[in-house]
Amino acid sequence: MNESVFVVIAAYNESTCIAEVAREVRSICPNVVVVDDGSTDGTYAAARRTATWVLRHVINRGQGAALQTGIEFALARRAAYVVTFDADGQHDPADIEPMLDPIRDGAVEITLGSRFLGSAVDLPPGRRLVLKGAVLFTRLFNGVRLTDAHNGLRAFSRRAAECVHIRADRMAHASEIIDIVRRSGMPFREVPVRIRYTAYSMAKGQSHFAALRIAFHYLIGRLFP
Amino acid sequence: MNGFQLVILAVLAGLSVATVVSLLRRWLSLGLAVGLFILWIGGAVLAIRPATATDIARLLGIGRGADLVLYCSVLLMLVGFFMVYIRIRRLRAHLTQLVREIAIMRAEGPDDGD
């Protein structure tokens, strides 16, 4: 049943955990596509050990660019469903099936993970504040009401994935994807997911000030597509 | 006409020639070339008769011709920076497309040996 599901993982300097993340995901879905975004720490070699396919950006272009590369690759391989999944071990592979169920049932074309409907283990208060700010930003500028506007766990039907054309190379892609979801007019739903915060994932994550920069780049991208 | 004015006129003449060459080689669009010519001609007029700036400034309610030139220079600089920024954004997008094509072409899968 999962033969037609492709899980896309964009990775930048994640040699520490990418093999384990890909292995865990591959235990659920056989098609794991890791896109190494110009890493310099051996991420590509680590991913080759356990991922199904590994692609490599010869220079770093950003998570948005890497996800788009993975999505296009999956569609070229006739994926019926495309899931995006983070490389830092924050996501739980057990959440992939619940993300796909509403799409397979035909209820929606897109599901977006929400840690605030699910659980966010060890979420620091500062990060919670920034994420809530992102929810407000999304409501104001995207016109979409979400409980979690910056969650990398998403699932698309093929039809929905074909509508995804991420132009924001870096972190503003998260807001751009929400824009794409809204403009597509396709039904979507938030699904509770579990996010695991570890010292490693927090160190790899965006700083609070980076949130302002991401918002700025998103707005510039909206003004000058 | 003093030496400084002659130098300015010589520079503007050179820029005009460069603009024509760039237009003929299609490095510049016609619109941009026309805009640049207007700029070079305006600069030449001010170089030949500096009092023109003062006359225009007074018409616009600005005190001095030098202030008008300063304001216009700052405005043009901002426009220039903005155009360069937009051009860089487009180049980045093209670069990403190129990197993507290479990544997909070289993808390694389960059938590829180590």
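Remember, it's a predicted structure, so these values are computed and weren't measured experimentally. (Residues numbered from 1 in each chain as written. Chains lettered and ligands numbered in written order. Predicted model: local features only at pLDDT ≥ 70, side-chain atom pairs only at ≥ 80, totals over all residues. Heavy atoms only, no water.)

Undergrad: Help me understand the interface of chain B and chain A, please; the structure alone is not making it clear to me.
TA: As a measure of interface size, the accessible area lost when the parts come together is often cited. Across the contact, 20 residues belong to chain B and 20 residues belong to chain A. Around 1800 Å² of area is buried between chain B and chain A when both sides are counted, 58% of it from carbon and sulfur atoms. The largest share of the area that chain B buries against chain A comes from V99, R100 and E108 of chain B, three residues that together contribute 31% of it. Where chain B touches chain A, the interface holds 2 salt bridges. Of the charged contacts in the structure, one is a salt bridge between E108 of chain B and R48 of chain A, with a shortest N-O distance of 3.1 Å. (Contact = heavy atoms within 4.5 Å. Buried area = accessible area lost by both parts, 1.4 Å probe. Salt bridge = Lys/Arg side-chain N within 4 Å of Asp/Glu carboxyl O.)

Undergrad: Where do I start with the environment of A103 of chain B in this structure?
TA: Along the chain, the position of A103 of chain B falls in helix α4 (residues 65-105). Sequence-wise, A103 of chain B and L30 of chain B are 73 residues apart; in three dimensions their C-alpha atoms are separated by 38 Å. Beyond its immediate sequence surroundings of up to four residues, A103 of chain B is in contact with L55, R56, H57 and T69 of chain A. (Helix = DSSP H or I, 4+ residues; strand = E, 2+ residues; numbered from the N terminus.)

Undergrad: What's the story with the pairing of strand β1 (residues 5-11) of chain A in this structure? I'm lost.
TA: Within a regular strand, side chains alternate between the sheet's two faces. Residues and elements named next belong to chain A. With respect to burial, β1 is a largely interior element, 7 of its 7 residues being buried. Across the two faces of β1 the burial is the same, with V5, V7, I9 and A11 and F6, V8 and A10 all buried. Of the pairings in the sheet, the one linking β1 to strand β4 (residues 81-86) comprises 6 bridges and is parallel in character. Bridging across to β4, I9 finds its partner in F85. In this structure, β1 lies alongside strand β2 (residues 31-37), joined through 6 bridges in parallel fashion. Its bridge partner lying in β2, A11 is registered against D36. A crossover links β1 with its parallel partner β2, the connecting element being helix α1 (residues 18-26), and its sense is right-handed. (Buried < 20%, exposed > 50% of the residue type's maximum accessible area, 1.4 Å probe, protein only. Pairing = 2+ DSSP bridges. Right-handed = clockwise from strand over helix to strand, strands pointing away.)

Undergrad: Explain the packing of helix α3 (residues 51-60) of chain B against α4 of chain B to me, please; I cannot follow it from the model alone.
TA: Geometry of a packed helix pair, given as the angle between the helix axes and the separation of the axes. All names here are of chain B. Axis separation between α3 and α4 bottoms out at 7 Å; the angle between their running directions is 80°. The angle between α3 and α4 places the two elements in the roughly perpendicular class. Contacts between α3 and α4 involve A53, T54, I56, A57 and L60 on the former and, on the latter, G65, L68 and V69. By residue class, the composition of the contact of α3 with α4 is 6 nonpolar, 2 polar and no charged. (Axes fitted to C-alpha atoms, helices over the stretch in contact; angles between N-to-C directions. Parallel < 35°, antiparallel > 145°, perpendicular 65-115°, else oblique. Nonpolar A, V, L, I, M, F, W, Y, C, P; charged D, E, K, R; others polar.)

Undergrad: Could you clarify how one ought to interpret the pairing of strand β6 (residues 154-157) of chain A in this entry?
TA: All names here are of chain A. Because side chains alternate across β6, one face comprises the buried residues R154 and F156, and the other comprises A155 and S157, equally buried. Bridge count for β4 against β6 is 4 bridges, and the pairing is antiparallel. What sits directly across from V82, in β6, is F156.

Undergrad: What is the right way to look at the environment of R145 of chain A in this model?
TA: Looking at the secondary structure, you find R145 of chain A in the loop between α5 (125-141) and β6. For the pair R145 of chain A and V135 of chain A, spaced 10 residues apart in the sequence, the C-alpha separation amounts to 7.6 Å.

Undergrad: How should I be thinking about the environment of G62 of chain A in this particular structure?
TA: All names here are of chain A. Relative to the assigned elements, G62 resides in the loop between β3 (53-57) and α3 (63-76). Assessed through its relative accessible area of 4%, G62 is described here as buried. Along the sequence, G62 and E162 sit 100 residues apart, while their C-alpha atoms lie 20 Å from each other. Among residues more than four places away in sequence, those in contact with G62 are D37, D169 and R170.

Undergrad: For this particular structure, what's the right way to read the state of the cysteines?
TA: Every disulfide links exactly two cysteines, by a covalent bond between their sulfur atoms. Residues and elements named next belong to chain A. Overall, the coordinates contain 0 disulfides over all chains when judged by the stated rule. For C17, which is in no disulfide, the shortest distance to another cysteine sulfur is to C29 and amounts to 18 Å. By relative accessible area, C17 is classed as buried at 14%. (Disulfide = S-S within 2.5 Å.)

Undergrad: I would appreciate a short explanation of α3 of chain B in the present structure.
TA: Every α-helix carries 3.6 residues per turn, so stepping three or four residues along brings you back to the same face. Residues and elements named next belong to chain B. Taken residue by residue, α3 has T52, A53 and A57 as its buried positions. Along the axis of α3, the buried residues cluster in a sector spanning 135°; they form a single face. Residues of α3 that are exposed and point over 90 degrees away from its buried face: R58 and L59. Packing partners of the buried residues in α3 comprise α2 (30-48) and α4. Following α3 by one or two positions, G61 adopts a phi angle in the positive range, close to 80°. (Arc of directions from axis to C-beta.)

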